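Each chain, letter by letter, is given below.
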Amino acid sequence: MKAKYEPLFESYTFPNGVTVKNRLALAPMTHYSSNEDGSISEEELVFIQARAKDLGTVITACANVTPNGKAFPGQPGIYDDQFIPGLKRLAETIQQQGAKAVIQIHHGGISCPTELVPDGDVVSASDIDHDNQKARALSAGEIEEIIEAFGEATRRAIEAGFDGVEIHGANGYLIQQFYSPYTNKRDDEWGGSVENRMKFPLAVAEACQRAIDKHAKRPFIFGYRFSPEEPSTPGLTMTETFQLVDALSNLPFDYLHISLMHALSTPHRGADTERTRIELVNEVINGRVPLMAVGQVNSPDEALAVRERNIPLIALGRELLISPRWAAYIQEDRLEEIEYALNLKERDKYDIPNGLWEAILSREGWVPFNR
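Bear in mind the structure is a predicted one, so any value in this text is a computation, not a measurement.

### Some remarks on the environment of Asn298
Okay, so step 1: Along the polypeptide, Asn298 turns up in the loop between strand E13 (291–294) and helix H8 (300–307).
Okay, so step 2: Residue Asn298 is classed as partly exposed on the basis of its relative accessible area of 27%.
Okay, so step 3: Note: C-alpha distance between Asn298 and Gly317 (19 residues apart in sequence) is 8.8 Å.
Okay, so step 4: Those residues in contact with Asn298 that sit more than four places away from it in its chain are Glu319, Trp326 and Tyr340.

### Overview of the UniProt feature "domain: NADH:flavin oxidoreductase/NADH oxidase N-terminal" (unreviewed entry) in the protein chain
Okay, so step 1: Under the UniProt annotation, "domain: NADH:flavin oxidoreductase/NADH oxidase N-terminal" (unreviewed entry) lies at residues 8–335.
Okay, so step 2: Within the segment residues 8–335, helix and strand shares are 34% and 16% respectively, and the terminal C-alpha atoms sit 15 Å apart.

### Things to note about the pairing of strand E6 (residues 100–106)
Okay, so step 1: Taken across its seven residues, E6 has six buried, putting it largely inside the fold.
Okay, so step 2: Across three bridges, strand E4 (residues 57–59) lies against E6 in parallel orientation. The residue of E6 that forms the bridge with Thr57 is Lys100.
Okay, so step 3: Taken together, the two bridges between strand E5 (residues 63–64) and E6 define a ladder with parallel strand orientation. Counted as the bridge partner of Asn64 is His106 from E6.
Okay, so step 4: Of the strand pairs in this sheet, E6 and strand E10 (residues 164–169) are connected by four bridges, and their pairing is parallel. Note on E10: the bridge partner recorded for Gln104 is Glu166.

### Some thoughts on the pairing of strand E12 (residues 255–259)
Okay, so step 1: Along E12, five of the five residues are buried, which leaves the element largely enclosed by surrounding structure.
Okay, so step 2: Residues Tyr255, His257 and Ser259 of E12 are buried on one face, and the alternating residues Leu256 and Ile258, pointing to the opposite face, are buried as well.
Okay, so step 3: As judged from the four bridges shared by strand E11 (residues 221–226) and E12, these two strands associate in the parallel manner. Across the sheet, the residue bridging to Arg225 is His257, located in E12.
Okay, so step 4: Running through helix H6 (residues 238–249), the crossover from E11 to the neighbouring parallel element E12 is right-handed.
Okay, so step 5: Both E12 and E13 contribute to a ladder of four bridges, which runs parallel. When the sheet's bridge partners are listed, Leu256 is paired in E13 with Leu291.
Okay, so step 6: Regarding topology, helix H7 (residues 277–285) serves as the crossover connection from E12 to the parallel E13, and that connection is right-handed.

### Let's talk about the side chain of Thr276
Okay, so step 1: For Thr276, the position within the fold is in the loop between E12 and H7.
Okay, so step 2: Each residue touching Thr276, except ones within four places of it in the same chain, is listed here: Leu264, Ser265, Thr266 and Arg309.

### Description of H7
Okay, so step 1: Restricting attention to buried positions, one finds in H7 the residues Arg277, Ile278, Leu280, Val281, Asn282 and Ile285.
Okay, so step 2: Buried residues belonging to H7 abut E11, H6, E12, E13 and H8.

### Looking at the sheet that holds strand E8 (residues 128–130)
Okay, so step 1: Strand order in this open sheet of three strands is E7-E9-E8, and the pairing throughout is mixed. Looking along the sheet, the strands with just one partner apiece sit at the ends: strand E7 (123–124) and E8.
Okay, so step 2: With three bridges connecting them, E8 and strand E9 (residues 133–137) associate as antiparallel partners. Each residue of the ladder has a partner; that of Asp129, found in E9, is Lys134.

### Some points on unusual backbone geometry
A negative phi angle characterises most non-glycine residues, just as the trans form characterises most peptide bonds.
Okay, so step 1: With omega at 0°, the peptide bond leading from Thr233 into Pro234 counts as cis.
Okay, so step 2: Looking at the element boundaries, Pro234 is found in the loop between E11 and H6.
Okay, so step 3: A positive phi angle is found at Tyr32, which is not glycine, with a value near 55°.
Okay, so step 4: As for its placement among the helices and strands, Tyr32 is situated in the loop between strand E3 (24–26) and helix H1 (42–52).

About the cut-offs
Residues numbered from 1 in each chain as written. Predicted model: local features only at pLDDT ≥ 70, side-chain atom pairs only at ≥ 80, totals over all residues. Heavy atoms only, no water. Helix = DSSP H or I, 4+ residues; strand = E, 2+ residues; numbered from the N terminus. Buried < 20%, exposed > 50% of the residue type's maximum accessible area, 1.4 Å probe, protein only. Contact = heavy atoms within 4.5 Å. UniProt positions renumbered as here; feature names shortened; annotations may be inferred. Pairing = 2+ DSSP bridges. Right-handed = clockwise from strand over helix to strand, strands pointing away.

Take a look at the structure:
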């Protein structure tokens, strides 16, 4: 391995004492390949095994914590104890490759297609009817039930043998819907001011932490993924992101995970537009919790550029779809073997499930490929 890439492969110890072998993580990616009932399929085990060997951490596809939180066909479920045996196999598949297994837990809110939720009853922070999306506002009692569901999902992850959970508070899903002024129009304790809108993500975090304290028999990795800005007005700006990040940094998280289209992108509003978002967020964190960054980190030099901005952890998504042994090629100084586009004529070598393969083909440009 070239000496300049060594910072990517240094071991890292989380605040709770868990050590991972390097700074690289598999980003949570929707794979559309769990069984129809939400149980873990053989296809997704093959997919994850092919990508876990060379990484320090593997974060799974988001698993829905309630039946009405399912946002994708082929999404894994974690809302019932019946899923624990399959989840155990998933955790073991990752761990057998030498990586720590972290499962992302999630509720889609308004992003859930009506055909995937019971009775087509799509829910969100508020009543919403725009842009071909409809949802009804959750009642106060239902909000408490979903908060508890995140805690129960954490318990199941522990019982299944995972090394950690990541709360999915990003990408416009339910937790972000509560924090965003674009989707939260409530006038009760869960809406209005920044502090009230922040109550739901903080309550979810606290429920998960209670489950960890009660059920984990060994140090358990606890992460939170967030998106820094929204394009809509009103919508989240960097100013509100800084407020959320500051609050999260005071909780016992082992890392925060910033979800970006490009890891080195700059803000649109609410902050210095000449500096990268990751640097600005890291300043707010001020050493209280590690930051993980993701977003079009394709080449080794791009990963190094993120690492050099004092970002300790780097997640890769699409690049590991294309080149599952990306990290090994860097370590073995075989950079010329890294691929940056799928070769459609050599599908079998990628171990990509049918549902994900079809999604790639239907969304040309999402993942580069050569016909």
